[in-house]
Amino acid sequence: MDRESFERIVAQALADLPAEFRDRLDNVDVVVEGQPSRSQIRQAGLGGGFTLMGLYEGIPLTERGQGYNMVPPDKITIFQGPIEEGCRSRNELKKRVSGVVKHEIAHYFGLGEAALQDIEGEEPDY
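Being a predicted model, the structure only gives us computed values, none of them experimental.

Enquirer: How do you make sense of the nonpolar core when you look at a structure like this?
Expert: Ranked by size, the top nonpolar core spans 20 residues in total, and within it Phe6, Val10, Ile78, Ile83, Val97 and Val101 carry the most contacts. Element by element, the count of residues in this core is highest for helix α5 (residues 90-108), at six residues.

Structure representation (structure tokens):
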């Protein structure tokens, strides 16, 4: 799939978020990249054989204090290659993108990996 089509799917996943979450997104950029870099994989604490479908980099809302202002935006990166590699159809890809977007947005709202695993189960259904 070309990058522009994939970006439209990501944009739709963001637009489909419930308003109470979508309206609270502030100072966060969502971008699409082809593949995660080695440093991003290391930053996420993944070992060999694992890759990333998405990555949140920033200060979660729950950790922002009174002095949080005039800072660069947080960044959510959605990785097109790893998502496409695991999907056999466009519908499956849309579902996976939606799940990855929601997962990374949850980090923005302060949920850690352990809490997300409890919510999603060991194997997320996206």
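Moving on, there is more to tell.
Enquirer: Even after reading the chapter, I still don't get the side chain of Asp74, so can you show me in this structure?
Expert: Considering the arrangement of structural elements, one finds Asp74 in strand β3 (residues 74-79). Its relative accessible area of 3% is what places Asp74 among the buried residues. Within the local environment of Asp74, its side chain forms a polar contact with the side chain of Arg64, the two groups lying 2.5 Å apart. Beyond its immediate sequence surroundings of up to four residues, Asp74 is in contact with Asn27, Val28, Asp29, Tyr56, Glu57, Gly58, Ile59, Arg64, Tyr68 and Tyr108.

Enquirer: What is the right way to read the packing of helix α1 (residues 3-15) against α5 from this model?
Expert: Pairs of packed helices are described in terms of their axes, by the angle between the two and the distance that separates them. Closest axis-to-axis distance for the α1/α5 pair is 9 Å, and the angle between their directions is 55°. With respect to α5, the element α1 is oriented oblique. Considering only the axes of α1 and α5, their crossing is right-handed. On α5, the residues touching Phe6, Ile9, Val10, Ala13 and Leu14 of α1 are Arg90, Leu93, Lys94, Val97, Ser98, Val101 and Ile105. The residue inventory of the contact of α1 with α5, partitioned by class, reads nine nonpolar, one polar and two charged.

Enquirer: Teacher, can you tell me more about the sheet that holds strand β1 (residues 28-33) here?
Expert: Strand pairing within a sheet occurs via backbone hydrogen bonds; the two strands may be parallel or antiparallel. Across the sheet, three strands lie side by side as β1-β3-β2; this open sheet has mixed pairing. Taken across any chain shown, the strands that pair with only one partner, and hence form the sheet edges, are β1 and β2 (54-57). Between one strand axis and the next, the sheet turns by 15° as a mean value, whatever way the strands run. Where β1 meets β3, six bridges bridge the pair, whose relative direction is parallel.

Cut-offs and rules
- Residues numbered from 1 in each chain as written.
- Predicted model: local features only at pLDDT ≥ 70, side-chain atom pairs only at ≥ 80, totals over all residues.
- Heavy atoms only, no water.
- Core = buried A, V, L, I, M, F, W, Y, C linked by side-chain atoms within 4.5 Å.
- Buried < 20%, exposed > 50% of the residue type's maximum accessible area, 1.4 Å probe, protein only.
- Helix = DSSP H or I, 4+ residues; strand = E, 2+ residues; numbered from the N terminus.
- Polar contact = N/O pair within 3.5 Å; in protein donor to acceptor, adjacent residues only side chain to side chain.
- Contact = heavy atoms within 4.5 Å.
- Axes fitted to C-alpha atoms, helices over the stretch in contact; angles between N-to-C directions.
- Parallel < 35°, antiparallel > 145°, perpendicular 65-115°, else oblique.
- Left-handed = near helix turned anticlockwise from the far one by under 90°.
- Nonpolar A, V, L, I, M, F, W, Y, C, P; charged D, E, K, R; others polar.
- Pairing = 2+ DSSP bridges.

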